[in-house]
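# Report on the structure
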Amino acid sequence: MKLNGNEIRPGNVILHKDSLWVAVKTQSVKPGKGGAFAQVELKDIVSGTKLNQRFRAAETVERVQLEQKEYQFLYAQGEDLVFMDMESYEQLELQADFVGDRASFLQDGMMVEVESYEGKALGVKLPQFVTLEVKETEPVVKGQTAANSFKPAVLENGVKVMVPPFVGEGEKIVIDTTEVTYSKRAE
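Residues numbered from 1 in each chain as written. Predicted model: local features only at pLDDT ≥ 70, side-chain atom pairs only at ≥ 80, totals over all residues. Heavy atoms only, no water.

Here the focus is the sheet that holds strand β2 (residues 13-16). Pairing is antiparallel in the open sheet, where six strands are placed in the order β1-β6-β2-β3-β4-β5. With one partner strand each, in any of the chains shown, β1 (2-4) and β5 (50-56) form the two edges of the open sheet. Recorded for the sheet is a direction-independent mean angle of 45° between the axes of neighbouring strands. In the sheet, β2 pairs with strand β6 (residues 60-63) via two bridges, with the strands oriented antiparallel. Note on β6: the bridge partner recorded for Leu-15 is Glu-62. (Pairing = 2+ DSSP bridges. Helix = DSSP H or I, 4+ residues; strand = E, 2+ residues; numbered from the N terminus. Axes fitted to C-alpha atoms, helices over the stretch in contact; angles between N-to-C directions.)

Structure below.
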């Protein structure tokens, strides 16, 4: 699908310089002299490098539609993570560093969305919220009621987050996986 340079929006995936890029930020610029253009910050999907590119309204770029398919996380095997396609039951192995730091939030049986292009996996989208148990945290100090006082806590998966003072060891809390922050107590 062809897009004019001024139609690129954040989140669009485009084919540019023989690579796949996702638009991170876009800004329309109308200089006093010359034609208008879009200043677009692009991020390479595979390598993660960034690029600032100007696109004139008359230029066209190829917009790419990524395939999105649900997979179930089965287990970690050394440096590999094994997922299963819920329709065909085929298994997909991806390296842990492909998922990045958020791989520690994967739980057995968790449903994830794998984005791919021409059969090659490009990204794994975890659920936005996961429930985990607090393994270590400091006890509550009486009188410490400052509005924004948070304390460090270590979760069952080893990740460290800041939690409110009322959260204790053994409690289950909900974590936002995109920001890696405390969201609320689990019910």
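Let us look at the pairing of β6. Of the pairings in the sheet, the one linking β1 to β6 comprises three bridges and is antiparallel in character. Looking across to β6, one finds that Asn-4 is bridged to Thr-60.

Here we take up the pattern of salt bridges. Going through the model one piece at a time under the given rule, you end up with seven salt bridges. As a salt-bridge pair, Glu-62 and Lys-2 come within 3.5 Å of each other at their nearest N and O atoms. With Glu-62 in strand β6 and Lys-2 in strand β1, this pair connects stretches of sequence that are 60 residues apart. The class of Glu-62 is partly exposed, set by a relative accessible area of 27%. Note that Arg-185 and Glu-171 form a salt bridge whose closest N and O atoms lie 2.9 Å from each other. Here the residue Arg-185 occupies a position in strand β16 (residues 181-185), and Glu-171 occupies one in the loop between β14 (160-163) and β15 (172-176), the gap between them amounting to 14 residues. Overall, Glu-171 belongs to the partly exposed group, its relative accessible area being 23%. Here the salt bridges do not stand alone but share partners, grouping Glu-133, Lys-135 and Lys-172 into one network. (Salt bridge = Lys/Arg side-chain N within 4 Å of Asp/Glu carboxyl O. Buried < 20%, exposed > 50% of the residue type's maximum accessible area, 1.4 Å probe, protein only.)

For Gln-72, the position within the fold is in strand β7 (residues 67-77). A polar contact is formed between the side chain of Gln-72 and the backbone oxygen of Gly-109, at a distance of 3.4 Å. When neighbours within four sequence positions are excluded, Gln-72 is seen to be in contact with Val-82, Phe-83, Met-84, Met-86, Gly-109, Met-110 and Met-111. (Polar contact = N/O pair within 3.5 Å; in protein donor to acceptor, adjacent residues only side chain to side chain. Contact = heavy atoms within 4.5 Å.)

Within strand β8 (residues 80-85), five of the six residues are buried, which leaves it mostly tucked inside the rest of the structure. In the sheet, β7 pairs with β8 via six bridges, with the strands oriented antiparallel. By the bridge assignment, Tyr-75 is partnered in β8 with Val-82. Count of turn residues in the β7/β8 antiparallel hairpin: two residues, of which Gly-78 carries a positive phi of about 65°. Between β8 and the antiparallel strand that follows it, strand β9 (residues 91-95), lie five residues; Tyr-89 among them carries a positive phi value of about 65°.

Moving on, we come to the environment of Gly-35. Mapped onto the elements, Gly-35 comes out in the loop between β3 (19-29) and β4 (37-44). Taking the C-alpha atoms as reference, Gly-35 lies 7.5 Å from Arg-56; in sequence the two are 21 residues apart.

Turning next to the environment of Val-163. Within the secondary structure, Val-163 is located in strand β14. Assessed through its relative accessible area of 0%, Val-163 is described here as buried. C-alpha of Val-163 to C-alpha of Ser-183: the two residues are 20 residues apart in sequence and 8.8 Å apart in space.

Moving on, we come to the sheet that holds β16. Strand order across the open sheet formed by five strands is β14-β13-β12-β15-β16, with antiparallel pairing between neighbours. One side of each edge strand has no neighbouring strand; the edge strands of this open sheet are β14 and β16. Geometrically, the sheet is characterised by an average inter-axis angle of 55° between neighbouring strands, direction not taken into account. Pairing of β15 with β16, which is carried by four bridges, proceeds in the antiparallel orientation. Bridge assignment links Ile-173 to a residue of β16, and that residue is Arg-185.

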